[in-house]
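# Commentary on secondary and tertiary structure
One-letter residues, chain by chain:
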Amino acid sequence: MNCKYRTILLAACAMPQVALAQEQAPQDTGADATREIVVTAQRRSERLQDVPATISALDSKALVAAGVNDISNIAPRVPGFYAGGFGSARPQLYIRGIGTRQFDPGSESSVGVFVDESYLGRTGGVLGALKDIERVEVLKGPQGTLYGRNTIAGAINVITKGPTDDFQAEAEAGVGNYDTYNVFGAVSGPIAGDVVKGRLAAWRTKQQGYVTNLTTGNHPQGVNNWGGRLRLAIEPSSNLKIDLIGEIARDTGRSFQGESIGSTTNPYGILLGRAGLVPQLSDDPYKQYYTTDPVYDRKIDAFTGKVDLATDLGDFVSVTSYRKMKYTDDRDFDNTSLDVIRQISNEDSEQFSQELRFVSANDGALSLGGFVDWIVGVYFYKDKSYHEDFFDYGADSIAGEGAVDQTFGHYDTKSIAGFGQATFNLTDELKFTAGARYTEDRKKAALGGRTNDAFPLVRANFDQVNPTKKFTSFDPKFVLAYQPTRDLNLYASFSKGFKSGGYQYTPLTAVQAAEVFDPEKITAYEIGVKSTWLDGALQANAAVFRYDYSNLQVSRVVQLPDGSTPSLITNAGKSRIKGAELDVTMEPIRDVKVAVAYAYTDAKYLDYSTGTLDFSGTRMVRAPKHSVNVSSDYTIHTGGDSALTLHGDVAMLSDFFHEPGQGELAYGTTIPFTAEDGYVLSNARITFRTGDWRISAWVQNAFDVTYRRTVLALPGQVISIYGQPRTYGLTLGWSM
């Protein structure tokens, strides 16, 4: 670790040391709050420390204290979890080196995102405002048995706040630099006695973009969203519960833009640009020249209905979900002052899912006197999507002004699955869990291309109707857990995972449109320990793991012999991932909490050849070997019903790579520009609470570190998308 990392990490660690030096009178440390975190990762309510798996959980207080406002903000606080991307509609989520940068309906996510047990099937809809949230759980490793398809890397389980038994209300308003403001409000309580309760939340956030278009003076990379959620809890009888959840979300404004680098042989290189032209340049990565301003517009409507019928034998649970999304993303594709190419992406999707499960009662007759706890269920998922991209060429392109290429696709996915899992309580201390899931996906796609020119992308109009393709998988899971005391849990697990195959994004010919990539498969081994010490004042969890990973789906923009440059997904033969993780939380004295987490990830392609390039033996993308998070909270009681809380957190990532080839020139003239140096992000927040009111002063990326969220590597050109610079502001909150 270099000097820069040591200095900043030592500064973070020093914060709690100052607090430790201040002797306090003996008092409850608040350890119970840490020890008794309850999660529903296994579709039951369980103590986090009792679950034999690696899970990071942030409750509502932790989310507010850290200023988390979407899933990408969680990643730096969970070592081994990386989140980048090209804006809200194109996220890139990776856990332990496994993920994808694809966002179109032809491919699937590697990290499953669930909100109130509803699977968010379209990648373009997983990033949104995290408002009115009860808890977020990050489950590491394949979760195929209970969560299903496309959780080969892990799952993110978001639980929103539900209605309360008595009337409650809360509100929040904030301002910050970049002309930022946000407002939020929620009310909750009984509507018809104990039978019907409701909760209504609404929010609005706006932030000027942190990138400046020097051509127009406008600001890409901004935030402009609003939304609302209504929850109803209906209990017509003591054994029947019905939860109805409706949500709308709207995002508009200026989408992402970045900095064009070119290649090692031509710093002015622009894909499909006319030779000899030099764009107007800027040395500031946040101030660039673009021909046009980007435009973004996304609409999401969602509904989830959950019915829970309790019987003496167990709970019958039904979860029904409907979700509709539509977005437009219009941007200057070449990211320069030259008028080369503009891309307009449109997507319209509609998904429906239905899960039925039966969860045994702990003391029910089918639990055999408490010997076995089990769950069985069936699942159905349907998604129908349309995605299109227009490539409009300008006067500085090799195609000439007025040339237009279009690629499009109609996609239809249906998935059915049956699953079951049982935990056998062999003794009071020893438990054995066995589970399995069988999944059958059926997909079909009709892809096409249109052009008014014979050059340069789509050479001729084409239509390709792909027949229905079936992908199946059987994913077992076995866990042996030994818990001699409430405060010590040792476990070993074996599991398999599956990520469905699919179709290409923006194929340029019928032959490319007919190429179907195969499913990914993973075999995972993990050994872990969860422990609590000093009457809850110290909690230490650790795990080591190994993944044998086959048919890894890798997306690259390639240049073919005919000169075309499609974005193609190919299957890498084999990969191996090994790692270890440590998570320590300490509450040494009253009102002081320190958390330190570390992840080591060794991820390599064992067998990956594209025909012209052999990446075997190189490191996998977006998998830093080392990631560290240090956070601390110190509360100073200022008399009466008031207190001052100091919060700080630091996240460090070591170097990693955005594209295969680990930054070596031998793999192409753009590859050296796809290596990312390690960086450190630091955040701080000071909150004063008195009675029902609180006011917070906060800063994100306190040291104004310049880093890249992702890159787009094109033949002869690399486009860097930078992360948010320093932001700061004030937030006023109220609750009753």
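Note: the structure precedes this text.
Everything in this summary refers to the structure shown in the same document. No experiment lies behind these values; they were computed from the predicted model shown.

### A few points about the overall build of the chain
A count of helices and strands for the chain gives 5 helices and 41 strands. In terms of overall dimensions, the chain is globule-like: its C-alpha atoms have a radius of gyration of 26 Å, near the 27 Å expected for 736 residues. Each principal axis of the C-alpha distribution contributes one length, and for the chain these read about 75 × 55 × 50 Å. Every one of the 736 residues in the chain was classed for burial, and the buried ones make up 58%. Long-range pairs, those at least 24 residues apart, make up 68% of the contacts in the chain with a sequence separation of at least 6. Accessible surface computed for the chain: about 28,600 Å², of which carbon and sulfur atoms make up 57%. Put simply, the chain has 72 plus and 85 minus side-chain charges, and the middle of one group is 2 Å from the middle of the other.

### Some remarks on unusual backbone geometry
Residue F455 is joined to P456 through a cis peptide bond whose omega torsion reads 15°. Following the sequence through the fold, P456 ends up in the loop between β24 (430-451) and β25 (462-485). Backbone geometry at E117 places phi at a positive 70°, although glycine is not the residue there. Within the fold, E117 resides in the loop between β7 (111-115) and β8 (118-119).

### So, the environment of K574
Within the secondary structure, K574 is located in strand β31 (residues 567-586). Sequence-wise, K574 and G189 are 385 residues apart; in three dimensions their C-alpha atoms are separated by 53 Å. Not counting residues up to four positions away in its chain, the partners in contact with K574 are Y549, S550, Y605, L606 and D607.

### So, the packing of aromatic side chains
Using the criterion set out here, one finds 23 aromatic pairs in the structure. Their ring planes at 5° and their centres at 4.2 Å tell us that F316 and F358 sit as a pair that is stacked. Taken together, the residues F316 in strand β20 (residues 314-332) and F358 in strand β21 (residues 341-360) connect sequence positions 42 residues apart. F358 gets classed as buried once you look at its relative accessible area, which sits at 13%. When the ring of F352 is compared with that of F380, the centres are 6.5 Å apart and the planes differ by 55°; the resulting orientation is tilted. Linking F352 in strand β21 with F380 in strand β22 (residues 372-393), this pair joins segments that are 28 residues apart in sequence. Judged by its relative accessible area of 33%, F352 falls in the partly exposed class. Sitting over the face of the ring of Y147, R43 holds its NZ or CZ atom 4.1 Å from the ring centroid. When the ring centre of F545 is taken as reference, the NZ or CZ atom of R96 above it lies at 4.0 Å.

### Thoughts on the sheet that holds β7
Read from one edge to the other, the open sheet built from 5 strands follows the order β3-β9-β10-β7-β8, with strand pairing classed as mixed. Only two strands of the sheet have a single neighbouring strand rather than two, namely β3 (55-59) and β8.

### Concerning the sheet that holds strand β39 (residues 708-714)
Within a sheet, adjacent strands bond to each other through the backbone by hydrogen bonds, running parallel or antiparallel. An order of β17-β40-β39 is seen for the 3 strands of this open sheet, with the pairing classed as antiparallel. Where the open sheet ends on each side, the last strands, each with one partner, are β17 (259-260) and β39.

### Structural notes on the nonpolar core
Residues I74, F81, I156 and Y605 are the most contacted members of the largest nonpolar core, which totals 54 residues. Ranked by the residues each element gives to this core, the list is headed by strand β30 (residues 538-557), at 5 residues. Beyond its immediate sequence surroundings of up to four residues, F81 is in contact with I71, I74, A75, L93, Y94, I95, V138 and I156. Among the nonpolar cores identified, the runner-up in size contains 27 residues, and F86, F462, Y503 and L712 belong to it.

### What about the environment of D284?
One can find D284 in the loop between β17 and β18 (287-288). The sequence separation of D284 and T54 amounts to 230 residues, and the corresponding C-alpha distance is 41 Å. A polar contact is formed between the side chain of D284 and the backbone nitrogen of Y286, at a distance of 2.9 Å.

### Let's talk about empty space enclosed by the protein
For the structure shown, the criterion picks out 14 cavities of 30 Å³ or more. Of the pockets and cavities examined, the largest cavity occupies roughly 410 Å³. Around the largest cavity, the lining is made up of 32 residues, and of these V115, L120, R229, E247 and R323 lie nearest the centre. Among the elements of the structure, β7, β10 (154-160), β15 (223-237), β16 (240-253), β19 (295-310) and β20 are those that each provide at least two residues to the lining of the largest cavity. It is β16 that provides the largest number of residues to the lining of the largest cavity, a total of 6 residues. Residues belonging to the lining of the largest cavity are distributed by class as follows: 18 nonpolar, 8 polar and 6 charged. Volume-wise, the second largest cavity comes out at about 340 Å³.

The rules behind these values
Residues numbered from 1 in each chain as written. Predicted model: local features only at pLDDT ≥ 70, side-chain atom pairs only at ≥ 80, totals over all residues. Heavy atoms only, no water. Helix = DSSP H or I, 4+ residues; strand = E, 2+ residues; numbered from the N terminus. Rg over C-alpha atoms; globule rule 2.2 N^0.38 Å. Buried < 20%, exposed > 50% of the residue type's maximum accessible area, 1.4 Å probe, protein only. Contact = heavy atoms within 4.5 Å. Areas by Shrake-Rupley, 256 points an atom, 1.4 Å probe, with all protein chains shown as cover. Lys, Arg positive; Asp, Glu negative; His and termini not counted. Charge placed at Lys NZ, Arg CZ, Asp CG, Glu CD. Phe/Tyr/Trp six-rings, centres within 6.5 Å; stacked < 30°, edge-to-face > 60°. Lys NZ or Arg CZ within 6 Å of the ring centre and 35° of its normal. Pairing = 2+ DSSP bridges. Core = buried A, V, L, I, M, F, W, Y, C linked by side-chain atoms within 4.5 Å. Polar contact = N/O pair within 3.5 Å; in protein donor to acceptor, adjacent residues only side chain to side chain. 1 Å grid on protein atoms, 1.4 Å probe; cavity = no way out; pocket = protein on both sides within 12 Å on 5 of 7 lines; lining within 4 Å. Points joined across faces, edges and corners; volume = space filled by probe spheres on them. Nonpolar A, V, L, I, M, F, W, Y, C, P; charged D, E, K, R; others polar.

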